[in-house]
Amino acid sequence: WERPRGVEDKENNGKGNGKIGSDFGTSGKLSMLAQFLMDVHRENGKWKGRKAKPLVLLAERPEDGMYLVGAYNCMEKAGTVANNKFGRRFEIAAKQCGGEESKVVRERFDDVVVEVPRKQVQNFVQQLHVIMEQ
């Protein structure tokens, strides 16, 4: 993916090679990856029926020390939409790991994406596991 002309490369004081640090560093790109992975797993039979579980993806953004954490519903049929219940779970996990820096960057009906600082991402994921088991 190439950086558009006129957009400064912050990592290299504006003199970079035009490459963006993280290929999945935006919520839209992370969502596209999730859709691709779910389509592949549906096609090969791994995520059908009760095996169709939500997918949580993490993408590091080294340029600002943040991670994008996205949660996506895996439906049995492509194109099916269901309410994503991770928004509230992400808020609780962020609070429990002391994440005032964590914030929801995208909350739609079928997916939720939050930004979590690098230093808190492991604790955030652990808290999310605890919440999911309750």
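Note: the structure precedes this text.
Reading the values: the criteria
Residues numbered from 1 in each chain as written. Predicted model: local features only at pLDDT ≥ 70, side-chain atom pairs only at ≥ 80, totals over all residues. Heavy atoms only, no water. Helix = DSSP H or I, 4+ residues; strand = E, 2+ residues; numbered from the N terminus. Buried < 20%, exposed > 50% of the residue type's maximum accessible area, 1.4 Å probe, protein only. Contact = heavy atoms within 4.5 Å. Salt bridge = Lys/Arg side-chain N within 4 Å of Asp/Glu carboxyl O. Core = buried A, V, L, I, M, F, W, Y, C linked by side-chain atoms within 4.5 Å. Axes fitted to C-alpha atoms, helices over the stretch in contact; angles between N-to-C directions. Parallel < 35°, antiparallel > 145°, perpendicular 65-115°, else oblique. Left-handed = near helix turned anticlockwise from the far one by under 90°. Nonpolar A, V, L, I, M, F, W, Y, C, P; charged D, E, K, R; others polar. Pairing = 2+ DSSP bridges. Arc of directions from axis to C-beta.

Describe the overall build of the protein, naming the residues involved and giving the relevant values.
If you tally the helices and strands in the protein, you get three helices and four strands. If you list the helices and strands of the protein from N to C, you get α-β-β-α-β-β-α. Out of the 134 residues in the protein, the part that is buried amounts to 38%. Counting only contacts in the protein whose residues sit at least 6 apart along the sequence, the fraction spanning at least 24 positions is 55%.

Before we move on, could you go through the pattern of salt bridges and cite the residues and values that matter?
In total, this model carries five salt bridges according to the counting rule given. A salt bridge links Arg61 to Glu115; its shortest N-O distance comes to 2.8 Å. One end of the pair, Arg61, is in strand E1 (residues 55–61); the other, Glu115, is in strand E4 (residues 111–117), and 54 residues separate them in sequence. Taking relative accessible area as the criterion, Arg61 reaches 9% and is therefore assigned buried. Through salt bridges with shared partners, a single network forms among Arg61, Asp64 and Glu115.

Any chance you could break down the environment of Ser31 for me, citing the residues and the numbers?
Checked against the element boundaries, Ser31 lands in helix H1 (residues 27–43). Note on Ser31: relative accessible area 9%, which makes it buried. For the pair Ser31 and Val112, spaced 81 residues apart in sequence, the C-alpha separation works out to 9.2 Å.

Lay out the nonpolar core in plain terms, naming residues and giving numbers.
Membership of the largest hydrophobic core comes to 15 residues, with the highest contact counts inside it found for Val69, Phe90, Val114, Val116 and Phe124. For this core, the secondary-structure elements that each account for two or more residues are strand E2 (66–72), helix H2 (86–96), E4 and helix H3 (121–133). Grouped together as the second largest cluster of nonpolar side chains are 12 residues, Leu30, Leu55, Tyr72 and Val113 included.

How would you sum up the packing of H2 against H3? Please name residues and give values.
For the pair H2 and H3, the least separation of the axes is 9 Å and the interaxial angle reads 125°. When the interaxial angle is binned, H2 and H3 end up oblique. The crossing of H2 and H3 is right-handed. For the pair formed by H2 and H3, the contact residues are Phe86, Arg89, Phe90, Ile92, Ala93, Ala94 and Gln96 on the first element and Phe124, Gln127, Leu128, Ile131 and Met132 on the second. The residue inventory of the contact of H2 with H3, partitioned by class, reads nine nonpolar, two polar and one charged.

Could you give an account of the pairing of E1, naming the residues involved and the relevant values?
Taken residue by residue, a regular strand's side chains alternate between the two faces of the sheet. Here E1 shows a clear split, with Leu55, Leu57, Ala59 and Arg61 buried on one side and none of Val56, Leu58 and Glu60 buried on the other. Looking at chain direction, E1 and E2 are connected through seven bridges and run antiparallel. Its bridge partner being in E2, Leu58 is matched across the sheet by Val69. Between E1 and the antiparallel strand that follows it, E2, lie four residues; Gly65 among them carries a positive phi value of about 70°.

How would you sum up H2? Please name residues and give values.
Along H2, the positions that sit buried rather than exposed are Phe86, Gly87, Phe90, Ala93 and Ala94. Seen along its axis, H2 keeps its buried residues to an arc of 125°; they face one direction.

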